[in-house]
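# Observations on the three-dimensional arrangement
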Amino acid sequence: MKILTDSIEKLIKRNPNEPEFLQAAGEIMESLEPVAERHPEWVKAGIFERILEPERQIMFRVPWVDDEGKIRINRGFRVQFNSAIGPYKGGLRLHPSVNLSIMKFLGFEQTLKNSLTGLPIGGAKGGSDFDPKGKSDYEVMRFCQSFITELYRHIGEDCDVPAGDIGVGTREIGYMFGQYKRIQNTFSGVLTGKGLAWGGSHVRTEATGYGICYFAEEMLRENNKSCKDATVVISGSGNVAIYAAEKVTQLGGRVVALSDSNGYIYDPDGVKLDTVKRIKEVERKRIREYVNECCGSEYTEGCSGIWDIPCDIALPCATQNEIDGLAAHKLVSNRCYAVAEGANMPCTPDAIEIFQRNGVLYGPSKAVNAGGVATSALEMTQNSMRMSWTFEEVDARLKSIMKNIYKNCSRAAAEYNMKGNLMAGANIAGFMKVAEAMYAQGIV
Ligand code: NDP
């Protein structure tokens, strides 16, 4: 029997209604088995079981009034997963699908991801089942103010520093920051992803997307490949997707497809990013508008077909479980040679297995998309120092962090006899530092 079987069985029994959390935790525990073999002292100290249980989970009512004067109720969450190596840090997601299972899966992944950045930040995740789509600015503001009116007592610059995620960009962070400042009467670095004029960092907007490409370039370079001249399919058309597309283009690749939750566009000449940015970031419209402006492009309703488009590199940047076994087979048969996960857990376990079996280079999300949180940590540093670094300074730090993450994952995989398996490497490298800290801090 494997050492961690018991912990996994207990986990399944205690969290029966949390499929996303069980999927993420199961995958991570499986790759930690060789670590448990080498570290009996950690097994004895219950590290593997304790790390699976969030330190604190907060759920709360978020009442707000819509433009018609109707009272609306949403549910707010903050899962403070692990603070062994630093204050809790992780995004806030506003999407109707948000529930405790998704918050826990993201909070656990975030713990290992934050450790991988090499920076002193613990893991958390939060959000609400509020749907910002179709809401007016004032409705979004009233929601954000109500959300923070409860959450403010649980966060703080040395305790828990939330950031953006799906549905939360600079606008929402602004409303939340304003409300926090008003309640606490302090101007502090309690949230990251702030606007440049009020404590934000250069490159934070671009960080996750750029970081994906810095990681991917490193992974490709080790295998004598590159983004240059590659055809790239990217899902999503939000913050992560747009800036991944921008960096791919700067590196000489051609992005031919983007999507949103309704459907996808295909532009064989390469998508025009200025048009996408205006439609999505300024006008906040649907991606289908793109085809009205760019001739030669097509729109298809429904999301999954995007993976049927032939490409060299696939960057899933929308949401969890968007590439399943079928989509993975299609990518393999179209000779896609690299998949780097921009979204959190966008590939199902089936899909990952298919990539690994067919020699497709596979970069797991907790390593690939860590550039966002790494730059958030750089924002925290600048806030503490009351300083602001230039775009070039932050970008150079981000690049070096992403290269190091790749190296550390690759090294950890090789050290545990799984050379080339970056998923196992990321889980192990991220876990080691947190485990050491937990062990040193006693049974807490
Ligand atoms: P955005 O809200 O800016 O964009 C999300 C995009 O994904 C939109 O195009 C959205 O379409 C699409 N999408 C959302 N849900 C679904 C769904 N269920 N099915 C299909 N498409 C969907 O979010 P981000 O770009 O910030 O985040 C994207 C992913 O990256 C998430 O997994 C997030 O956790 C992860 N991530 C983000 C970081 C960041 O810095 N922003 C950092 C690390 C990870 P629509 O507009 O129709 O909803």
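Residues numbered from 1 in each chain as written. Predicted model: local features only at pLDDT ≥ 70, side-chain atom pairs only at ≥ 80, totals over all residues. Heavy atoms only, no water.

### Let's talk about the sheet that holds strand E7 (residues 254-259)
Reading across from one edge, E9-E8-E7-E6-E10-E11-E12 is the order of the 7 strands in this open sheet, with mixed pairing throughout. Of all strands in the sheet, those with a lone pairing partner are strand E9 (298-301) and strand E12 (361-363), marking the two edges. Going from strand to strand, the sheet's axes swing by 15° on average, the running direction of each strand aside. One ladder, built from 3 bridges, connects E7 with strand E8 (residues 263-266); its direction is antiparallel. Each residue of the ladder has a partner; that of Ala257, found in E8, is Tyr266. (Pairing = 2+ DSSP bridges. Helix = DSSP H or I, 4+ residues; strand = E, 2+ residues; numbered from the N terminus. Axes fitted to C-alpha atoms, helices over the stretch in contact; angles between N-to-C directions.)

### Overview of the pattern of salt bridges
In the structure shown here, the tally under the stated rule is 24 salt bridges. Two residues, Glu53 and Arg14, come together in a salt bridge whose shortest N-O distance is 3.1 Å. Of this pair, Glu53 sits in the loop between helix H4 (47-50) and strand E1 (56-65) while Arg14 sits in helix H1 (residues 5-14), and the two are 39 residues apart along the sequence. The class for Glu53 is partly exposed, based on a relative accessible area of 33%. (Salt bridge = Lys/Arg side-chain N within 4 Å of Asp/Glu carboxyl O. Buried < 20%, exposed > 50% of the residue type's maximum accessible area, 1.4 Å probe, protein only.)

### Things to note about the domain arrangement of the protein
What the domain assignment reports for the protein is domain 1 (54-187) and domain 2 (207-368). Summarising the inter-unit geometry, the C-alpha centres of domain 1 and domain 2 are found 27 Å apart. Between domain 1 and domain 2, the contact holds 13 residues from the first and 11 residues from the second. Roughly 1,000 Å² is buried in total at the junction of domain 1 and domain 2, and carbon and sulfur atoms are behind 49% of that figure. Seen at the junction of domain 1 and domain 2, the total is 1 salt bridge. Our enumeration of links across domain 1 and domain 2 arrives at 3 residue pairs in polar contact (both at pLDDT 80 or more). Top contributing element to the side of domain 1 that touches domain 2 by residue count: helix H5 (residues 100-116), with 7 residues. A class-by-class count of the residues in the side of domain 1 that touches domain 2 yields 6 nonpolar, no polar and 7 charged. (Domains from an automatic or database assignment. Contact = heavy atoms within 4.5 Å. Buried area = accessible area lost by both parts, 1.4 Å probe. Polar contact = N/O pair within 3.5 Å; in protein donor to acceptor, adjacent residues only side chain to side chain. Nonpolar A, V, L, I, M, F, W, Y, C, P; charged D, E, K, R; others polar.)

### A few points about the pairing of E7
Counting buried residues along E7, 5 of its 6 residues qualify, which places the element largely inside the surrounding structure. Pairing between strand E6 (residues 231-235) and E7: 3 bridges, direction parallel. Its bridge partner lying in E7, Val233 is registered against Ala257. Remark: the E6/helix H9 (residues 239-250)/E7 crossover connection has right-handed handedness. As consecutive antiparallel partners, E7 and E8 are separated by 3 residues. (Right-handed = clockwise from strand over helix to strand, strands pointing away.)

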